[in-house]
Structure formats: structure tokens, C-alpha cells
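Results of the structural survey
Spelled out from the first residue to the last, the chains are:
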Amino acid sequence: MNEIKLVSVKNVTAGYDNKVVLTNVSLDIYANNFIGIIGPNGGGKTTFLRLLTGEIKPFSGSISFKNDMSIGYLPQASQIDKKFPISVTEVVLSGLIGKQGLFGRYGKNEKQLALEYLKIAGIENLGKKNIGELSGGQLQRTLLCRALISQPQLLILDEPNTYVDNKFEGELYELLNKLNQKMAIVIVSHDLGTITSYVKTIACINKTLFYHESNQITSEQLASYNCPIQVIAHGPIPHTVLLEHNHKH
Amino acid sequence: MLLAMIKFFEYQFVQNAFIASVLLSILIGLVGSYIVARRLVFLSGGITHASFGGVGIAWYLGLNPIAGAAVFAVLTALGLEVLTQNKKLREDSAIGMLWSFGMAIGIFFVFLTPGYAPNLMSYLFGDILTISSTDVWLLVALSIITLIFYAVFYHAILFYAFDPNYAKTQHLPVVFINIILKIIIALVIVFSIRAVGIILLISLLTIPANVANLFTNKFTKIISFSFLVSMISLIVGIIFSYWFNVPTGATVVLTLIILYLIARLIISIRNSTRLTKA
Ligand SMILES: Nc1ncnc2c1ncn2[C@@H]1O[C@H](COP(=O)(O)OP(=O)(O)OP(=O)(O)O)[C@@H](O)[C@H]1O
Ligand SMILES: [Mg+2]
């Protein structure tokens with residue numbers, strides 16, 4: 001395989017204030033990956049993503065990144081202050097801070113780029129609005145643009161489908177499919193039925209991480225991964241992704 | 001009347017006061033906007049009051065009280081960072097502790113110092129007419145440093161302030177930006193003590209930016225608008241201190257509150273005419 005390895009997580013234990021959340025987690029992320037992360041509430045999915053973004057450091061074990069690797073991140077419930085005086089366009093531009101650096105200037109080209117991403121997200125008419133005036137879904141789309149604008153090598157999305165309507169959710173998954181030709185994607189979702197038709201592989205996180213090298217997973221496998229999640233399929237699923245075995249419940 | 005006016009502007013201390021209020025307003029515009037946007041009002045109140053510890057110790061030792069205040073203000077700002085690291089202590093609690101700790105030290109040493117201390121009042125309530133030429137030069141230096149810092153790092157500051165966590169994931173040197181800004185806040189506070197005093201200083205840091213924020217959400221505009229508001233209040237403060245001999249701080253605060261109420265009135269009139277038009 002001549003795939004480029006972006007991140008290598010080895011035997012990591014992590015958590016908060018000496019409270020261990022994840023133990024013995026290992027995972028390699030390659031440039032063409034599209035990983036769906038599932039797991040119960042409080043299982044440690046967001047904590048794992050925070051390790052990838054560098055927001056928190058592991059207690060033990062190691063995480064190594066490819067040189068100059070860039071990350072775009074859409075946080076779950078971001079601690080963003082909606083009263084902060086900043087416009088939608090400026091928020092999207094802030095996604096370029098890694099590229100532009102401490103001395104960054106943001107001129108016509110950057111603003112044009114921001115507008116293109118606003119168009120992709122269907123909110124090009126909101127650019128001048130202050131973020132306090134946005135609905136939950138509009139803010140989510142704005143933050144998605146912020147994550148995308150730097151065209152990162154690794155795109156990390158923590159439950160991007162919360163707040164957004166069904167129509168945009170569908171468009172989002174199609175968009176991610178296209179983006180995956182250029183970048184690795186790690187996405188957390190509770191909507192197993194939907195994500196498995198888009199992702200290439202699955203990781204179950206519940207105190208530790210089980211990696212499943214396929215996008216098809218059975219209830220038995222989920223059980224063996226210690227991943228007690230309810231599988232609910234919404235509407236018609238594009239192709240059968242959840243292999244139903246003979247079960248007795 | 002005209003003659004009195006001309007004479008008024010001929011005094012060195014009046015000229016100093018006017019120059020100082022222009023420079024202070026620049027600093028208040030830059031720093032107050034950041035404080036309000038990031039909700040650091042309580043933190044700034046803590047730094048302000050804790051600096052009284054420095055005033056007290058310097059008073060006792062016969063040193064320059066403002067220098068003492070500067071040391072305490074910067075140490076408080078940095079101390080808060082250390083205390084709240086690893087979330088061992090919640091920030092508002094840490095502020096409460098250092099706030100009263102500084103005040104206690106100040107009171108302690110003021111009482112240890114023999115003799116009556118009438119000038120001490122000017123540190124608590126402010127007297128912009130006592131600003132010396134040295135103070136003005138120090139203000140010039142701080143204004144230049146702060147202006148350059150904001151001009152060079154404007155977007156980094158804005159994006160960091162908006163979402164420090166995201167800035168960190170993008171490898172922005174967030175610790176550097178945070179520490180420099182906290183030190184600048186501490187120094188601006190210390191330089192404002194002369195003008196409005198420790199007790200009322202917080203209004204100068206909060207009200208101008210809030211008046212500005214009623215009319216605009218653009219950070220650069222909030223900065224320039226609050227510069228104007230703070231300028232008006234300080235000039236009214238100088239005039240009242242001179243002619244009626246009241247402490248500058250009280251006049252400045254009352255002016256600011258009136259300006260805020262007028263701004264609210266303008267906004268509500270504008271909104272109601274918009275509604276009736278529609
Ligand atoms: N900032 C924090 N400080 C302390 N503990 C935390 C913090 N964030 C999360 N935790 C704890 O870590 C554990 C894992 O949380 P995490 O947010 O990673 O779960 P998750 O899998 O993302 O859950 P969800 O599906 O609800 O988003 C939980 O028990 C939680 O209480
Ligand atoms: Mg989560």
C-alpha cells in the first residue's frame with residue numbers, strides 16, 4: 001500500500017483530570033480513509049476526536065502526526081458564544097487561521113473563497129449576518145464551512161447532522177463523498193443506518209476503540225465490540241448495510 | 001468666560017489631562033472591546049481591585065504607588081492563569097480570592113503607614129488633573145505598543161477571542177496571544193487608575209464597548225466607537241473636576257451611564273419607526 005499515513009494513535013489512555021475515559025486505543029488514519037465512529041453516549045467519541053485535534057493530550061501512549069498535517073474540525077456542541085461580535089464570513093475565514101498564521105491578512109481572495117463555501121452550504125445570503133442572528137442549523141453550516149475552507153488533509157466531524165434539516169443532511173453526505181477523494185474524513189454519528197452507506201470503515205468507541213474494516217456490521221459484531229447501540233433505520237436505506245442475522249429478541 | 005477658558009487650557013496639568021484622555025480612550029477602545037466581547041469584565045474588576053495591594057505596599061515603602069499597582073496587576077493577571085490551569089479552581093472563584101486578597105494587602109499597609117493619607121483618595125476615586133508629564137509619556141509608550149500589537153495580530157486576536165479551542169486545533173500560539181493580551185489589560189487598568197480610580201474603573205472598561213455594541217457588531221467599529229464614547233466621558237470628567245472639584249471617576253461614570261441610556265433610547269426609537277414603516 002502506498003497510502004499516506006496521516007495519524008498514528010498507539011496504546012493511548014486519555015481522559016480528564018485523572019479521570020480515565022479511553023484506555024488502550026490504537027488506530028492509524030490514512031489519507032483516503034472515511035471512518036464512521038459510533039458508540040453510546042459518554043463512550044468517549046468526542047474525547048477521541050479531541051485527541052486527534054490536539055485539544056487534549058494523552059495520559060500515556062503516543063499520537064504522531066504526519067508533518068504539516070492540517071485538520072478541519074466541526075465540534076459537537078461548540079462552546080461558541082453567540083453574542084460575540086463576529087460575522088458569518090469572518091467565522092468562515094477563521095478556518096484559514098492555521099494556513100495564514102499569526103500575521104495572517106484576509107483580503108479579496110480569502111473572502112471570495114469564504115463565499116464559495118457559503119454557497120456550498122447554501123447560506124451565501126447570510127455572510128454579513130452576525131452569528132447571534134443565526135438559527136441552530138445555520139450556525140452548524142457556518143461552522144462546517146469553517147472546517148472545510150482550509151481544505152484540510154483530515155476532516156473531523158462530530159455529529160454534523162445535529163440541527164440541520166433532512167435535505168441538507170443528504171447534501172452533506174454527498175459532499176463528504178466527493179471531498180473524500182481529496183481528504184481523510186472521520187465522522188461521529190448516532191445515525192448508524194445512514195452513515196454506513198457513506199463511510200468506508202467503522203470504529204466503535206466505548207471506553208476503548210474497536211476498528212471494523214468494513215462498512216457493513218451486524219448486531220452480533222456490535223455486541224462483541226461492547227457497543228450497545230440501537231440500530232434504527234430511517235426510511236429506505238440506499239443499500240443493505242446492516243446485515244440482519246437470525247436473531248432472537 | 002472666554003478668558004477663563006483660555007486660562008484653563010494654558011495650565012500644564014489641564015493639557016496633560018486632555019492628552020491623557022485621548023491616549024486612555026485609544027487604550028480603552030482597544031482593550032475594553034476585547035474585555036466585553038470575551039466576557040472578561042469580572043476578571044478585569046479583579047485585576048483592578050487587586051492592584052490596590054501594590055498601591056498600599058508602595059505607599060508604605062515610599063515608592064511610586066502606580067508602579068506598585070502595575071506589579072500587582074500583572075501578577076494578578078498571570079496568577080489567575082496559573083490558579084485556573086487544569087481547572088483545579090474555577091475562574092470566578094479565583095478572581096474573587098485575588099480581588100479581596102489585593103484589597104486586604106492594600107488596606108493593611110495603608111494602616112501601617114503613619115500619618116494621614118489624603119492623596120490616597122485619588123487612587124480610589126480618580127483625579128485626572130493630577131496626571132503628570134511622566135504619566136503621559138508612559139501612556140504614549142503603552143498606546144504605541146498596544147496599537148502595533150492589535151494592528152499586526154488583529155485577525156489572530158479576533159479569531160482567538162471568538163473560539164480559543166478552534167484556534168488551538170489550528171496551531172495558533174494561543175498561550176502567547178492570551179498572556180500578552182492579559183498583560184496589556186493589566187497595564188491599561190493601572191494607567192486608568194489615575195483618571196477614574198480603582199472603585200469606578202470597571203465602568204470605563206465596560207460601558208463604552210456596550211454603547212458601541214448597540215449600534216454595530218463589527219469588532220473594528222466597536223473599537224473606534226468606544227474610543228469616542230470614552231473620550232466624551234473623560235472630557236466631561238476633566239471639566240467637572242476643574243470647575244466643581246468633584247472626583248473625576250464619579251463624573252465619568254455618570255456621563256457613561258447617561259450616554260448608554262441615550263443610545264438605548266435611539267435604538268428603541270429606530271426600531272419602533274421601523275416597525276411602523278413595515
Ligand atoms: N471536559 C470534560 N471534563 C471532564 N469529563 C468529561 C469532559 N468531557 C467529557 N467528559 C466525560 O468523558 C466521558 C466521555 O465523554 P465524550 O464526550 O467523549 O462522550 P461521547 O462518546 O462523545 O458521548 P456523546 O454521544 O454523548 O457525544 C463522559 O463520561 C464524560 O462525562
Ligand atoms: Mg460526543
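Above this note sits the structure.
Residues numbered from 1 in each chain as written. Chains lettered and ligands numbered in written order. Predicted model: local features only at pLDDT ≥ 70, side-chain atom pairs only at ≥ 80, totals over all residues. Heavy atoms only, no water.

Turning to the coordination of the magnesium ion (ligand 2), a few remarks are in order. Expected angles at a metal are 109.5 degrees for tetrahedral coordination by four donors and either 90 or 180 degrees for octahedral coordination by six donors. All names here are of chain A. Summarising the metal site, the magnesium ion (ligand 2) is bound by the protein donors Thr46 (OG1) and Gln76 (OE1), whose distances to it range over 1.9 to 2.2 Å. Placement of the pair is Thr46 in helix 1 (residues 45-53) and Gln76 in the loop between strand 5 (71-74) and helix 2 (88-93), with a sequence separation of 30 residues. Residue Gln76 is classed as partly exposed on the basis of its relative accessible area of 33%. (Donors = N, O, S within 2.8 Å, 3.2 Å for Na, K, Ca; no water. Helix = DSSP H or I, 4+ residues; strand = E, 2+ residues; numbered from the N terminus. Buried < 20%, exposed > 50% of the residue type's maximum accessible area, 1.4 Å probe, protein only.)

Since one α-helical turn is 3.6 residues long, residues separated by three or four positions face the same way. Residue and element names in this part refer to chain B. Under the 1.5 Å per step criterion, the end-to-end length of helix 12 (residues 248-277) is 43 Å for 30 residues, consistent within 8% with the ideal 44 Å. Residues of helix 12 that are buried: Thr248, Gly249, Thr251, Val252, Val253, Thr255, Leu256, Ala263 and Ile267. Of the surrounding secondary structure, the elements contacted by the buried residues of helix 12 are helix 7 (120-125), helix 10 (174-215) and helix 11 (219-244). (Expected span 1.5 Å × (residues − 1). Contact = heavy atoms within 4.5 Å.)

In this complex, chain A contributes 31 residues to the contact, which on the side of chain B involves 28 residues. Inspection of the region where chain A meets chain B yields three salt bridges. Note that B:Lys218 is salt-bridged to A:Glu90, the shortest N-O span being 2.9 Å. Taken together, chain A and chain B are joined by eight residue pairs in polar contact (both at pLDDT 80 or more). When the residues that make up the side of chain A that touches chain B are grouped by side-chain class, the tally is 14 nonpolar, 10 polar and seven charged. (Salt bridge = Lys/Arg side-chain N within 4 Å of Asp/Glu carboxyl O. Polar contact = N/O pair within 3.5 Å; in protein donor to acceptor, adjacent residues only side chain to side chain. Nonpolar A, V, L, I, M, F, W, Y, C, P; charged D, E, K, R; others polar.)

A word on the sheet that holds strand 2 (residues 19-30) of chain A. Residue and element names in this part refer to chain A. Here we have three strands laid out as an open sheet, ordered 2-1-4, and antiparallel in their pairing. Both outer strands of the open sheet, strand 2 and strand 4 (60-65), are each paired with one neighbouring strand and no more. Mean inter-strand twist for the sheet, computed between neighbouring axes without regard to direction, equals 15°. Sheet topology places strand 1 (residues 5-16) next to strand 4; five bridges connect them, and they run antiparallel. When the bridges of strand 4 are listed, Val9 appears paired with Ile63. (Pairing = 2+ DSSP bridges. Axes fitted to C-alpha atoms, helices over the stretch in contact; angles between N-to-C directions.)

Residues and elements named next belong to chain A. With respect to topology, six strands assemble into an open sheet ordered 5-6-7-3-8-9, the strand pairing being mixed. The two strands at the open ends of the sheet, each matched to only one other strand, are strand 5 and strand 9 (208-212). For this sheet, the mean angle separating the axes of adjacent strands, direction not counted, is 15°. With four bridges joining them, strand 3 (residues 34-38) and strand 7 (residues 184-188) adopt parallel strand pairing.

This model, assessed by the stated rule, comprises nine salt bridges over all chains. Between A:Arg50 and A:Glu55 there is a salt bridge, and its shortest N-O distance comes to 4.0 Å. One salt bridge connects B:Glu81 with B:Lys182, and the closest N-O pair in it is separated by 2.5 Å. In this pair, B:Glu81 is assigned in helix 5 (residues 65-84) and B:Lys182 in helix 10, connecting sequence segments 101 residues apart. For B:Lys182, a relative accessible area of 5% corresponds to the buried category.

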